[in-house]
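Take a look at the letters that make up each chain.
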Amino acid sequence: MDDVTGAQLIAEALKAQNVEYMFGIVGVPIIEVAMAAQAAGIKYLGMRNEQAACYAASAIGYLTGRPAVCLVVSGPGLIHALGGMANANVNCWPVIVIGGSSDRNQETTGAFQEFPQVCGVNHKHSGLCTHFFASLPSMFQCVSPQVEACRLYSKFSARPSSLQMIPAVVEKAVRSSIYGRPGACYVDIAGDMVNAKIDRASVRFVSCCPAAPVSQADSREVTKAVKLLKTAQRPLIIIGKGAAYARAEREVRELVEVTGIPFLPTPMGKGVLPDDHPNCVAAARSRALLQADVVVLLGARLNWILHFGFPPRFSPHVKVIQVDLCAEELSNNIRAASALMGDMRAVVSQLLETLKSDSWSFPSDAEWWATLKEKMVANAHMSKTLVHHSTVPMNYYTAFHHISELLPKDCIIVSEGANTMDIGRTTLLNYLPRHRLDAGTFGTMGVGPGFAIAAAVLEQTQQSSQRVVCVEGDSAFGFSGMEVETMCRYKLPIIIIVINNNGIYSGVDPDTWREMEKMGDMTTIAPPVTLLPEARYEQVMTAFGGCGYLVRTVEELRSALQESLKNTQMPSLLNVLIDPASDRKQQVPLSHATHHLQVSNTSDVLIN
């Protein structure tokens, strides 16, 4: 007999589905799964926290279109990964989480790291609940509480009923993660299945699932959408990360350039078309959103990132042409004037075919273009004033200006934080698709190091010269900062730039901190947003053999970044101390917005 273990079956099944990467933290009972994965040719990266491992695996799914695996132990290991699963599911990124669980003959007994049983009975009756589960037929007893817990955060959650079924369940998990709206899937492996053996001949092996099917929109809706565009006075195309995931950059570029319509990228839609494209109006974002009469949503959602499509950020009379893969997303918050459900590349191609039939384009001398360009010039002037603020400590805009001047155009930018991420979206430009990763739809902080590790591993595999630059707020860095050890262990030349303002949103300077310490108990005195002033984050990196830089001035910033860009062997961390009171540029109060809609076309609700 040709015997094979459960661990080997998992690894071979993953490899058969073209899964190339696995991230995780090993322990009982899944150590052998990681070893079998390496033997099968899958790259395994050991991380320092399961959340970061899941963030990294999901980023691989977004960047490649094929899921990676997050491998975790039972109980607390899986619980830590749930945050990453939820983030992937909300972001619509494919990822497979494989969790070990208790041996089947130990379930409900209080086994090591056993996931707590899900029960609607009061806790004091848990003994009765245990007896009830034990009395169920075996086919019901195999339902793992981990499987049930993951249903809330995944598209598919299952435990193979036998070793023979492992390849089939893995195939379904991979297929479910990439078909329709992508997302997280969970596969539960009982501890006693990992090392159990079975004759290979009795296993039901499954071939690699085909690529996701491509669908087109209803031709009548396409005709309606084109008619709306042709009658628009102030059209706007919004490019979302759905367009980036679909690899629709060629079709979207052609749509923009054939029609001559201005476009606005969402944060991770940046780079589908370059930020310096002549039709990009990101520098007049608020005016573009507020005054547009017809908006084409390409793989973007009308959620908090786009103010839900509601007034006062949008005109109450705006008409939305929505292109999305998911039927449930169509007309969410705002009823679509034309709902185009289908594959992004296919649907945009349909629009192009119809538009090209009569050579229509939006006039370049239209008043709409003049209005947007006026605002872009005004905002550029305001930003320039902030950029050249020469005091020490620096403000956000000064730091970002010098960083952006030195970054290669093809670098992958990972960013998270509050002001750090928001300001970085407007000042750190992207020129290539899928070259920006940030907190995303879920607004999750702590994703940066995991995302950066995933991007760097891909670049390492592809032997690309593209650099990965992770720009972090000091608060955001604290969530997953220990992953710098992972970067050093695998010699991933990631550049981390911590924009350190001593707090969450804002902090206090060292003198103020010392005065507060003299006043008594800091738990009742220190503002909740404050962090330790001038914390030496760069020393975290040097502790593991990477390069650390403490940066206070423009000259030190430029020198440290230039040195880091030359270092292709080890990661670097720049701890950039900025003014704790530094903030985003002044914004016009929202109370002016309704008045603006009624009487003015020459001001903006938000100056951005």
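To be clear, the structure that these remarks concern was listed above.
All of these numbers come straight from a predicted model, not from anything done at the bench. (Residues numbered from 1 in each chain as written. Predicted model: local features only at pLDDT ≥ 70, side-chain atom pairs only at ≥ 80, totals over all residues. Heavy atoms only, no water.)

Once that is clear, we can look at the overall build of the protein chain. Each helix and strand counted, the protein chain has 25 helices and 21 strands in total. The C-alpha atoms of the protein chain give 26 Å as radius of gyration, which agrees with the globular expectation for 608 residues (25 Å, within 12%). Principal-axis analysis of the C-alpha atoms gives the protein chain an extent of 75 × 70 × 50 Å. Looking at the protein chain as a whole, 56% of its 608 residues are labelled buried. The contacts of the protein chain with a sequence gap of at least 6 include a subset with a gap of at least 24, amounting to 77%. As presented, the protein chain carries roughly 25,100 Å² of accessible surface, and 55% of it is formed by carbon and sulfur atoms. Taking the average place of the 51 positive charges on the side chains of the protein chain and the average place of its 55 negative ones, the gap between the two points comes to 5 Å. (Helix = DSSP H or I, 4+ residues; strand = E, 2+ residues; numbered from the N terminus. Rg over C-alpha atoms; globule rule 2.2 N^0.38 Å. Buried < 20%, exposed > 50% of the residue type's maximum accessible area, 1.4 Å probe, protein only. Contact = heavy atoms within 4.5 Å. Areas by Shrake-Rupley, 256 points an atom, 1.4 Å probe, with all protein chains shown as cover. Lys, Arg positive; Asp, Glu negative; His and termini not counted. Charge placed at Lys NZ, Arg CZ, Asp CG, Glu CD.)

This brings us to the pattern of salt bridges. Under the criterion given, the structure shown has 29 salt bridges. The partner of glutamate 254 in a salt bridge is lysine 356, with the nearest N and O atoms 2.2 Å apart. Remark: lysine 356 occurs in helix H14 (residues 344-356) and glutamate 254 occurs in helix H12 (residues 249-259); sequence separation between them is 102 residues. With a relative accessible area of 41%, lysine 356 lands in the partly exposed category. In this structure, glutamate 374 engages arginine 287 in a salt bridge whose closest nitrogen and oxygen atoms are separated by 3.4 Å. With glutamate 374 in helix H15 (residues 367-387) and arginine 287 in helix H13 (residues 285-291), this residue pair connects regions lying 87 residues apart in the sequence. You can call arginine 287 buried: its relative accessible area is 1%. The network of salt bridges with shared partners includes Asp422, Arg425, Arg436 and Asp438. (Salt bridge = Lys/Arg side-chain N within 4 Å of Asp/Glu carboxyl O.)

Position of serine 176 among the secondary structure elements: in helix H8 (residues 166-178). Looking at serine 176, the relative accessible area reads 16%, which means it is buried. Along the primary structure serine 176 and alanine 212 are separated by 36 residues, whereas in three dimensions their C-alpha atoms are 9.5 Å apart. Setting aside residues no more than four positions away along its own chain, serine 176 makes contact with Lys155, Phe156 and Cys185. Among the polar contacts listed, one links the side chain of serine 176 to the backbone oxygen of lysine 172, at a separation of 2.8 Å. (Polar contact = N/O pair within 3.5 Å; in protein donor to acceptor, adjacent residues only side chain to side chain.)

Another point: the environment of leucine 273. Looking at the secondary structure, you find leucine 273 in the loop between strand S10 (263-265) and H13. As for leucine 273 and isoleucine 239, which are separated by 34 residues in sequence, their C-alpha atoms are 8.7 Å apart. In contact with leucine 273, other than residues within four places in its own chain, are Ile239, Glu249, Val252, Arg253, Val256 and Phe263.

With that out of the way, let us pick up the environment of proline 580. Within the fold, proline 580 resides in the loop between strand S21 (572-577) and helix H25 (593-599). Under the relative-accessibility criterion, proline 580 is labelled buried at 10%. Residue contacts for proline 580: discarding those within four places in its chain leaves Asn501, Asn502, Ser506, Gly507, Val508 and Asp509.

For strand S5 (residues 95-101), the tally of buried residues reaches 7 of 7 residues, placing the bulk of the element in the interior. Taking every second residue as pointing to the same face, both faces of S5 are buried, with Val95, Val97, Gly99 and Ser101 on one and Ile96, Ile98 and Gly100 on the other. With 4 bridges joining them, strand S4 (residues 69-72) and S5 adopt parallel strand pairing. Each residue of the ladder has a partner; that of valine 69, found in S5, is isoleucine 96. In the classification by handedness, the crossover that spans S4, the intervening helix H4 (residues 76-91) and the parallel S5 is right-handed. With 7 bridges joining them, S5 and strand S7 (residues 184-190) adopt parallel strand pairing. Of the residues in S7, the one forming a bridge with isoleucine 96 is cysteine 185. (Pairing = 2+ DSSP bridges. Right-handed = clockwise from strand over helix to strand, strands pointing away.)

Judged by nonpolar contacts, the single largest core of 155 residues is most densely connected at Phe23, Ile494 and Ile496. At 10 residues, the largest contribution of residues to this core is made by helix H3 (residues 50-64). Grouped together as the second largest cluster of nonpolar side chains are 28 residues, Met394, Leu407, Ile495 and Ile497 included. (Core = buried A, V, L, I, M, F, W, Y, C linked by side-chain atoms within 4.5 Å.)

A separate point is the sheet that holds strand S2 (residues 21-24). With parallel pairing, 6 strands are arranged side by side in an open sheet as S3-S2-S4-S5-S7-S6. Only two strands of the sheet have a single neighbouring strand rather than two, namely strand S3 (43-46) and strand S6 (156-158). Ignoring which end each strand starts from, the neighbouring axes of this sheet average 20° apart. (Axes fitted to C-alpha atoms, helices over the stretch in contact; angles between N-to-C directions.)

Taking 1.5 Å of rise per residue, 21 residues should cover 30 Å, and H15 covers 30 Å from first to last C-alpha, within 8% of that figure. Along H15, the residues that are buried comprise Trp368, Trp369, Thr371, Leu372, Lys375, Asn379, Ser383 and Val387. Taken end-on, H15 shows its buried residues confined to a sector of 155°, consistent with a single buried face. For H15, exposure combined with an orientation more than 90 degrees from the buried face picks out Glu367, Val377, His381, Lys384 and Thr385. At its buried positions, H15 is contacted by strand S9 (235-239), H13 and helix H16 (396-406). (Expected span 1.5 Å × (residues − 1). Arc of directions from axis to C-beta.)

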